[in-house]
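A closer look at the structure
Given next are the chains, with one letter for each unit.
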Amino acid sequence: MSCRTNIYGWVALLMAFACVEPFDATSDILSDTSMVGALVVEANITDVETTQKVFLSRMQRVESDSTVNVEEERLFNVNTPIIIERGLGPQFESGANVEIRAGNGTVYVFEEADEGTYESLTPFAAMPNVSYQLFVSTSNGEAYESDAMLLPQTSTIENMYAERMVSDSGLDGVGIFVDSTFPTDGDKLLRYAYEETYKIIAPYWTPFDFEIIRDQTEVIYDDLGNIEEILYPDVRLVPRAREEQVCFRTDLSTGEVLLNGNRLGGNRAERTMVRFIGVDNPIISHRYSILVKQRGVSRQVFDFYEKLVAFSQSESLFSQVQPGSLEGNVYSTSGNVPVVGFFDVSTEVSQRLYFNFDDLFPDQPLPPYFGTVNCENPVAPILGNPERDGPPPPQGNCPRPLIEGIELGLVEYYQGNSNPPGICEGPYFVVPTICGDCNVVGSNVKPDFWID
């Protein structure tokens, strides 16, 4: 999940809390004329020269979505070859004009690279002592602008490391920690983001794939109209045409990790945990890498995200923290039009870490493979060919035939069946596609930065 869902996810959860009565002050956020349809702005530029990005979306109505307030998770359905994601998704804002104007007169124009994602036409880095301001005009004529923001002071990552630990809730896993230093003067406020990349190895991969010879029975007649030959449905095994055993996947951070160094003595912070991963999480099954980005932010930015965290963690019906008090630094210049979000200018330093599962959990079984699929129970669906299938059942029908599963992309070859096959069995054992083809979960393209 990318950064584009960060603020939207927090605010959607925030709106879910606002549904609870008797807080009249929060009722407006759910009305058709208030926050529903509000523009959500997520923009952060840094002092790292790169293609800077701005994300725009719209708030959607929440109370009709039963998935809100349910922890988002990826589920892999045995009967469909796609990944199903739970959770309320944003409505991306397309067709907007986006630019950032610097105090020195430079104007950076952005173009829409993907739905709701706007990228600067040229790479640039925020400079010290130069103000930056965001301007957005949407396709429906609404105009927005942000406060002018300055680049805060930078910080340093001294060390980053992974340790096996037990979480506060008693879960065994691994924590990713950072030791940092701050400048001697100025605010010592940090906000963390990360990109995690992990190796995926399909547990039931084989070097063979199915190729369909015939997908249905064909009857051949001679010149006299007599049946000369019956050609039944059939498949054969061929070498796989692409890499399907080893893949990689990169996910972006979705939550907020904040550090107020002003509350610490001195100019050093130790053991800031930016990520915890449970031992049963499949992303650490083989080799895992995390790129931690440590961003120095202004007091205004820090306060905004601290409120988002406070809202999301509030479980009391009598919480004194109300959604109405959440105010960003982006405003409408087209009248009283609601907008949620923040334009952030921050310094950034980053560091990458690698570890293998065996480094921290030696001689321990690997985490369960992705999703709720049971890879350990291959099945042998019928081919629809009486010359190769086992006997039919005494009554009823066999499950979905093999060829149908192949055509739908639901199954992968695992191994041959006994000869002859059993009742209602075909000549091959198969597993769900996700168990034999890692591309269902990730990409077979190895990242340029990856080190084995």
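Above this text you will find the structure in question.
One structure accompanies this document, and this report is about it. (Residues numbered from 1 in each chain as written. Predicted model: local features only at pLDDT ≥ 70, side-chain atom pairs only at ≥ 80, totals over all residues. Heavy atoms only, no water.)

Before going further, it helps to examine the state of the cysteines. By definition, a disulfide is the covalent link that joins the sulfur atoms of two cysteine residues. If you walk through the whole model with that rule in mind, you get three disulfides. Here Cys 398 engages in a disulfide with Cys 424; their sulfurs sit 1.9 Å apart. Here Cys 398, found in the loop between helix H3 (357-360) and helix H4 (402-407), pairs with Cys 424, found in the loop between strand E24 (411-416) and strand E25 (428-432); they are 26 residues apart in sequence, far enough to count as distant. Sequence-ordered numbering of the bonded cysteines in the chain gives a disulfide pattern of 1-6, 2-5, 3-4. (Disulfide = S-S within 2.5 Å. Helix = DSSP H or I, 4+ residues; strand = E, 2+ residues; numbered from the N terminus.)

A few words on the sheet that holds strand E11 (residues 156-166). Pairing within the open sheet is antiparallel, and its three strands lie in the order E11-E12-E20. The sheet is open, and its two borders are formed by E11 and strand E20 (268-278), each paired with just one other strand. Averaged over all neighbouring strand pairs, the angle between strand axes comes to 20°, with direction disregarded. In this structure, strand E12 (residues 172-181) lies alongside E20, joined through eight bridges in antiparallel fashion. For Phe 177, the partnering residue across the bridge sits in E20 and is Met 273. (Pairing = 2+ DSSP bridges. Axes fitted to C-alpha atoms, helices over the stretch in contact; angles between N-to-C directions.)

A few words on a negative patch on the surface. A contiguous patch of negative charge on the surface is contributed by Asp 223, Glu 228, Glu 229 and Glu 387. Relative accessible area serves as the criterion here: at 55%, Glu 228 is assigned to the exposed category. (Patch = residues over 30% accessible without salt bridge, like charges linked within 9 Å, V, L, I, M, F, W, Y side chains within 5 Å. Areas by Shrake-Rupley, 256 points an atom, 1.4 Å probe, with all protein chains shown as cover. Salt bridge = Lys/Arg side-chain N within 4 Å of Asp/Glu carboxyl O. Lys, Arg positive; Asp, Glu negative; His and termini not counted. Charge placed at Lys NZ, Arg CZ, Asp CG, Glu CD. Buried < 20%, exposed > 50% of the residue type's maximum accessible area, 1.4 Å probe, protein only.)

Scanning all chains against the criterion turns up 16 aromatic pairs. Here Phe 248 and Trp 450 contribute two aromatic rings whose centre-to-centre distance is 5.0 Å and whose plane-to-plane angle is 65°, an arrangement assigned as edge-to-face. Within this pair, whereas Phe 248 is found in strand E18 (residues 246-252), its partner Trp 450 is found in the segment after helix H5 (433-436), the two being separated by 202 residues in sequence. With respect to burial, Phe 248 and Trp 450 carry one shared label: buried. Look at Phe 304 and Phe 342: their rings are 5.0 Å apart centre to centre, the planes differ by 45°, and that puts the pair in the tilted class. Of this pair, Phe 304 sits in helix H2 (residues 299-313) while Phe 342 sits in strand E23 (residues 339-356), and the two are 38 residues apart along the sequence. Exposure remark for Phe 342: the relative accessible area of 1% places this residue in the buried category. (Phe/Tyr/Trp six-rings, centres within 6.5 Å; stacked < 30°, edge-to-face > 60°.)

To find leftover empty space, one rolls a probe the size of a water molecule over the atoms. This structure, assessed with the given rule, holds two cavities of 30 Å³ or more. Of the pockets and cavities examined, the second largest cavity occupies roughly 50 Å³. In this structure, the second largest cavity is lined by Pro 152, Gln 153, Thr 154, Ser 155, Phe 182, Pro 183, Asp 187, Lys 188, Leu 189, Leu 190, Gly 296 and Val 297. Considering only residue class, the lining of the second largest cavity consists of six nonpolar, four polar and two charged. (1 Å grid on protein atoms, 1.4 Å probe; cavity = no way out; pocket = protein on both sides within 12 Å on 5 of 7 lines; lining within 4 Å. Points joined across faces, edges and corners; volume = space filled by probe spheres on them. Nonpolar A, V, L, I, M, F, W, Y, C, P; charged D, E, K, R; others polar.)

Worth remembering: the numbers are spatial, not functional.
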